[in-house]
Amino acid sequence: NSKVIQTPRYLVKGQGQKAKMRCIPEKGHPVVFWYQQNKNNEFKFLINFQNQEVLQQIDMTEKRFSAECPSNSPCSLEIQSSEAGDSALYLCASSPKDTQYFGPGTRLLVL
Amino acid sequence: GDQVEQSPSALSLHEGTGSALRCNFTTTMRAVQWFRKNSRGSLINLFYLASGTKENGRLKSAFDSKERYSTLHIRDAQLEDSGTYFCAAEAGYNQGKLIFGQGTKLSIKP
């Protein structure tokens with residue numbers, strides 16, 4: 001169904017450490033989204049890109065996360081200083097125009 | 001803020017029967033997607049609708065932007081339909097950001 005690739009599948013970090021995850025969108029999809037899904041199945045939009053440009057991001061992402069989608073390289077999402085509350089499934093989705101196709105996610109555990 | 005209310009939160013069906021899931025929106029949405037979370041935890045695309053209805057096999061979905069709701073109908077349920085279903089809506093001004101419902105855990109019993 002989806003050809004979005006996310007690595008790593010699992011990530012364990014200590015509080016204060018950096019946590020970096022990557023996403024390869026489907027070929028030909030210029031728009032990339034990052035979402036956070038918590039253990040209660042609640043989804044939170046984090047940031048989206050069109051090609052290399054940020055379209056929209058929430059405050060938390062602006063302050064504690066860094067994200068980029070360079071041309072010819074995977075997109076990445078990095079938490080600068082992990083907190084326990086960051087433990088969640090991080091989902092990347094790509095879109096050719098309207099429909100979003102999701103990757104399997106990176107499950108982050110912050111100890 | 002904009003919200004998506006999905007119901008029911010859980011649903012149990014016997015094989016061969018059917019039912020409907022519903023999402024209500026607090027504001028006018030531009031489009032809706034329906035997903036099923038598979039056993040590996042991946043979100044599988046079921047439908048994208050900007051209006052009207054779509055059908056795929058035993059699944060049918062409808063979206064009414066004006067009345068602010070979407071439905072997913074399942075007929076002749078099979079064991080492999082078990083899983084958690086999510087609707088996600090896109091507000092017109094949000095540059096594609098999806099607002100997800102809370103999910104419906106569907107269990108199919110023999």
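Keep in mind that this is a model prediction, so the values were computed, not measured.

Some remarks on the pairing of strand β11 (residues 104–109) of chain B
All names here are of chain B. Covered by surrounding structure in β11 are Thr104, Leu106 and Ile108 only, the residues Lys105, Ser107 and Lys109 on the alternate face being uncovered. Note: strand β2 (residues 10–14) against β11, 5 bridges, orientation parallel. For Ser12, the partnering residue across the bridge sits in β11 and is Ser107. Bridge count between strand β9 (residues 83–91) and β11: 3 bridges; the pairing is antiparallel. Its bridge partner lying in β11, Tyr85 is registered against Thr104.

Observations concerning the interface of chain A and chain B
Chain A puts 18 residues into the contact, and the matching count from chain B is 20 residues. Approximately 1,700 Å² of surface area, both sides summed, lies buried where chain A meets chain B, with 49% of it carried by carbon and sulfur atoms. On the surface where chain A and chain B come into contact, there are 1 salt bridge. Put simply, chain A and chain B have 6 residue pairs in polar contact (both at pLDDT 80 or more) between them. Elements represented by at least two residues in the side of chain A that touches chain B include exactly β4 (31–37), β5 (43–50), β6 (53–57) and β10 (101–102) of chain A. Looking at side-chain class alone, the side of chain A that touches chain B contains 9 nonpolar, 7 polar and 2 charged residues.

Details of the side chain of Arg36(B)
Residue and element names in this part refer to chain B. Tracing the chain through its elements places Arg36 in strand β4 (residues 29–37). The buried charged residue Arg36 lacks any salt bridge partner; its closest oppositely charged side chain belongs to Asp81, at an N-O distance of 5.8 Å. Apart from the residues lying within four places of it in its own chain, the contact partners of Arg36 are Ser42, Leu43, Ile44, Leu46, Glu80, Asp81, Ser82, Thr84 and Tyr85.

Section: the pattern of salt bridges
Throughout the structure, instances matching the rule amount to 5 salt bridges over all chains. The partner of Asp86(A) in a salt bridge is Arg64(A), with the nearest N and O atoms 2.6 Å apart. In this pair, Asp86(A) is assigned in the loop between β8 (75–79) and β9 (88–95) and Arg64(A) in helix α1 (residues 59–64), connecting sequence segments 22 residues apart. The two residues Asp86(A) and Arg64(A) agree in class, both being buried. Close ionic contact of Arg30(B) with Glu90(B) constitutes a salt bridge, the shortest N to O distance being 2.9 Å. Of this pair, Arg30(B) sits in strand β4 while Glu90(B) sits in strand β9, placing them 60 residues apart in sequence. Residue Glu90(B) is classed as buried on the basis of its relative accessible area, which comes to 5%.

Things to note about the sheet that holds β8(A)
All names here are of chain A. Within the open sheet, the 4 strands sit side by side as β1-β3-β8-β7. Their pairing is antiparallel. Both outer strands of the open sheet, β1 (5–7) and β7 (65–68), are each paired with one neighbouring strand and no more. Direction aside, the axes of adjacent strands within the sheet are offset by 15 degrees on average. One ladder, built from 4 bridges, connects β7 with β8; its direction is antiparallel. Note on β8: the bridge partner recorded for Phe65 is Ile79.

Rules of the game
Within each chain, residue numbers correspond to sequence positions counted from 1 in written order. A letter from A marks each chain and a number from 1 marks each ligand, given out in the order of writing. The model is predicted, so local features are restricted to residues of pLDDT at least 70 and side-chain atom pairs to those at 80 or more, both for listing and for counting; the totals for chains, interfaces and linings are taken over all residues. Hydrogens and water are ignored here; the side-chain numbers use all heavy atoms of the structure. Between buried and exposed lies partly exposed: a residue is buried under 20% and exposed over 50% of the maximum accessible area for its type, with that area taken using a 1.4 Å probe on protein chains only. Going along the chain from the N terminus, every DSSP run of H or I of four or more residues is numbered as a helix, and every run of E of two or more is numbered as a strand. DSSP-based pairing: two strands are paired if at least 2 bridges between them are found. Contact criterion: two residues are considered in contact whenever any of their non-hydrogen atoms come within 4.5 Å of each other. As used here, buried area is the combined drop in accessible area, with a 1.4 Å probe, of two parts when they are placed together. Note on definitions: salt bridges are taken to be side-chain nitrogens of Lys or Arg within 4 Å of carboxyl oxygens of Asp or Glu. Residues adjacent in sequence count toward polar contacts only when both atoms are side-chain atoms; beyond that, a polar contact is any pair of N or O atoms within 3.5 Å, and within protein one must be able to donate a hydrogen and the other to accept it. Three residue categories are used. Nonpolar comprises Ala, Val, Leu, Ile, Met, Phe, Trp, Tyr, Cys and Pro, charged comprises Asp, Glu, Lys and Arg, and polar comprises the others, including Gly. Under the counting rule used here, the positive set is Lys and Arg, the negative set is Asp and Glu, and His together with the chain ends is not counted. To obtain an axis, a line is fitted to C-alpha atoms, over the contacting stretch when the element is a helix, and the angle between two such axes runs from 0 to 180 degrees between their N-to-C directions.

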